[in-house]
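Summary of the model geometry
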Amino acid sequence: MGPSPGHVELDGAWWPRSRDLTHELSALADVLDPLWGRITHIAVNPRLWPILPRKILVNGHVVKAGWFTSGQDPHKILLLSYTAGRWDLLVIPPETSAPSAARLMAAASANTGPPMTATALMTAEQAGETSSSYEATSGRPGRLVVGV
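Quick look at the structure, then.

The rules behind these values
- Residues numbered from 1 in each chain as written.
- Predicted model: local features only at pLDDT ≥ 70, side-chain atom pairs only at ≥ 80, totals over all residues.
- Heavy atoms only, no water.
- Salt bridge = Lys/Arg side-chain N within 4 Å of Asp/Glu carboxyl O.
- Helix = DSSP H or I, 4+ residues; strand = E, 2+ residues; numbered from the N terminus.
- Buried < 20%, exposed > 50% of the residue type's maximum accessible area, 1.4 Å probe, protein only.
- Polar contact = N/O pair within 3.5 Å; in protein donor to acceptor, adjacent residues only side chain to side chain.
- Contact = heavy atoms within 4.5 Å.

A few words on the pattern of salt bridges. Within this structure, the stated rule accounts for four salt bridges. Linking Lys76 and Asp88 is a salt bridge whose minimum nitrogen-to-oxygen distance equals 3.5 Å. Of this pair, Lys76 sits in strand S5 (residues 76–81) while Asp88 is found in strand S6 (residues 85–91), placing the two residues 12 residues apart along the sequence. Exposure remark for Lys76: the relative accessible area of 12% places this residue in the buried category. Of the charged contacts in the structure, one is a salt bridge between Arg86 and Asp88, with a shortest N-O distance of 3.0 Å. Among the residues examined, Asp88 registers a relative accessible area of 5% and is labelled buried. When salt bridges that share partners are traced, they join Lys76, Arg86 and Asp88 into one network.

Moving on, we come to the side chain of Gln72. Within the fold, Gln72 resides in the loop between strand S4 (61–67) and S5. For Gln72, a relative accessible area of 9% gives the class buried. Within the structure, the side chain of Gln72 is placed 3.2 Å from the backbone oxygen of Lys76, a separation counted as a polar contact. The contact partners of Gln72, leaving out residues within four places of it in the chain, are Ala43, Val44, Asn45, Ile77 and Leu78.

Moving on, we get to the environment of Leu80. Topologically, Leu80 is positioned in strand S5. Residues Leu80 and Val63, 17 residues apart in the sequence, show an inter-C-alpha distance of 9.4 Å. When neighbours within four sequence positions are excluded, Leu80 is seen to be in contact with Arg38, Ile39, Thr40, His41, Gly85 and Arg86.

Okay, structure coming up:
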């Protein structure tokens, strides 16, 4: 199943373990490629990623990377696949606590309320305004949640 129809800000969330995009993208593709088809392109804002190569070898294929300082939310990653189209995921910083990450993942994949930008969700979480029925369990919760 592809991204939600119509205009939505986010299709889900991703909580990488580090800011090493080359390493983290492989782990993300391990999960998404079987579900969505091969990720072919990504776009990020370079503010949160210290190293941004133009091409990243991911599970035996090349993913082309682009970055934009204007127009690209720093807390979002754009993923493109020839088979599934476009997906926009909230990127939860790796240093985020498990309870905050759980709230952010639930909020990013919720189908209720008006669409929010990734930065708006991060700002709301920092202000203590996000809520969720999801309770974090021991350890870190799932690293990817995708709303369908």
